[in-house]
Amino acid sequence: MILTGPEIARQVDAGRIRIDPFDKSQLSPNSYDFLLGREICWYEEEVLDCRRENRVTYAPIPDEGMTLRPGRIYLAGTAERMGSEFYVPIIRARSSIARLGLFVHVTADLIDIGSINNWTLQLHAVQPVTVYPGMRIGQVTFWCTEGEIKLYDGKYQHSTRPMPSMIHRDFTAV
């Protein structure tokens, strides 16, 4: 079951959903529009390796915008710190963004219950597209759970900036 916009607002007021800062004007009928943060990063290597840490370059997104180019994955954060210990968030691009050919989350749209962070967005442009800090880039929906809840406490918990992949930590030493 998905929460409606008014119910999202009630759950924020009750402390069961965290969105900071929260702006009621960003509510939709069944979602909340989140904003692009001010920082972005990208991988330095052309070939990425799952078994090792891949170097990234961090940069601010200028107020006059930054043009994202095809053939590269960009990691950017949400302006808001969001999450819930009671509902499962799912993020998507806003349809207006998708119509420009910008993938906002590539394939990782399910946020674990208990993950309360400035979420990392995996941005991929089909053609060059300019983005701006503070723009409405995506939307989050909140879903009810069934069964015992085990809260997320993984390697990305407490993120406050875009986080590169840490999949290398999943490999055991040989």
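What comes next is a walk through the structure. Every chain begins its residue count from 1, and numbering advances along the sequence as written. Two thresholds apply to this predicted model, a pLDDT of at least 70 for residue-level local features and 80 or more for giving and counting side-chain atom pairs, whereas whole-chain, interface and lining totals are computed over all residues. Only hydrogens and water are set aside when side-chain values are computed; all heavy atoms of the structure are taken into account.

### A few points about unusual backbone geometry
- Asp20 connects to Pro21 through a cis peptide bond whose omega is 0 degrees.
- Looking at the secondary structure, you find Pro21 in the loop between β1 (18-20) and β2 (32-43).
- One non-glycine residue, His158, lies in the positive phi region at around 75 degrees.
- By the secondary structure assignment, His158 is in the segment after β10 (136-143). Strands are runs of DSSP state E lasting at least two residues, helices are runs of H or I lasting at least four, and both sets are numbered from the N terminus onward.

### A word on the nonpolar core
- The term nonpolar core refers to a set of buried residues drawn from Ala, Val, Leu, Ile, Met, Phe, Trp, Tyr and Cys, joined through side-chain atoms within 4.5 Å. Relative accessibility thresholds used throughout: buried, under 20% of the residue-type maximum; exposed, over 50%; partly exposed, between the two (1.4 Å probe, protein chains only). Residues Leu36, Ile40, Leu68, Leu102, Leu123 and Ile137 are the most contacted members of the largest nonpolar core, which totals 34 residues.
- Going through the elements one at a time, α1 (5-13), β2, β4 (66-68), β5 (74-83), β6 (88-93), β8 (117-125), β9 (129-131) and β10 are the ones with two or more residues in this core.
- Here this core takes 5 residues from β2, the largest share from any one element.
- The contacts of Leu36, once residues within four sequence positions are left out, are Ile61, Ala76, Gly77, Ala79, Leu121, Leu123, Val131, Tyr132, Pro133, Gly134, Met135 and Ile137. Should any heavy atoms of two residues lie within 4.5 Å, those residues are counted as being in contact.

### Looking at the packing of aromatic side chains
- Any pair of Phe, Tyr and Trp rings, taking the six-membered ring for Trp, is counted once the centres come within 6.5 Å. Such a pair is stacked with planes under 30 degrees apart, edge-to-face with planes over 60 apart, and tilted for the rest. Within this structure, the stated rule accounts for 2 aromatic pairs.
- On the basis of an interplanar angle of 20 degrees and a centroid distance of 5.3 Å, the ring pair of Phe22 and Tyr32 is categorised as stacked. With Phe22 in the loop between β1 and β2 and Tyr32 in strand β2, the pair connects residues that are 10 residues apart, well separated along the chain.
- With relative accessibility at 0%, the residue Tyr32 sits in the buried group.
- Look at Trp42 and Tyr74: their rings are 6.3 Å apart centre to centre, the planes differ by 70 degrees, and that puts the pair in the edge-to-face class. Taken together, the residues Trp42 in strand β2 and Tyr74 in strand β5 connect sequence positions 32 residues apart. Across this residue pair, the class does not change: Trp42 and Tyr74 are buried.

### Section: the pairing of β5
- Burial of β5 is extensive: 8 of the 10 residues sit out of reach of the surface.
- Any two strands between which DSSP finds at least two bridges are classified as paired. As paired strands, β1 and β5 are joined by 3 bridges and run antiparallel to one another. Each residue of the ladder has a partner; that of Arg18, found in β5, is Gly83.
- The sheet contact formed by β2 and β5 spans 4 bridges and is antiparallel. Bridge pairing in β5 places Leu36 opposite Thr78.
- Of the strand pairs in this sheet, β5 and β8 are connected by 6 bridges, and their pairing is antiparallel. Residue pairing for β8: Gly77 is matched across the bridge by Thr120.

### Brief notes about a nonpolar patch on the surface
- Like-charged residues are merged into a patch within 9 Å and nonpolar side chains (Val, Leu, Ile, Met, Phe, Trp, Tyr) within 5 Å, provided each residue has over 30% relative accessible area and no salt bridge. Each accessible area is a Shrake-Rupley estimate made with a 1.4 Å probe; only the visible protein chains count as cover when residues are assessed. Put simply, a salt bridge is a Lys or Arg side-chain nitrogen that is within 4 Å of an Asp or Glu carboxyl oxygen. On the surface, a cluster of nonpolar side chains totalling about 250 Å² of accessible area is made up of Phe103, Val106 and Val126.
- Position of Val126 among the secondary structure elements: in the loop between β8 and β9.

### Re α1
- Where α1 is concerned, the buried positions are Gly5, Ile8, Ala9, Gln11 and Val12. Viewed end-on, α1 has its buried residues packed into an arc of 165 degrees, placing them on one side of the element.
- Each element contacted by the buried residues of α1 is listed here: β1, β2 and β10.
- A positive phi of about 80 degrees marks Gly15, the residue just after α1. This arc is taken over the directions from the axis of the helix to the C-beta atoms.

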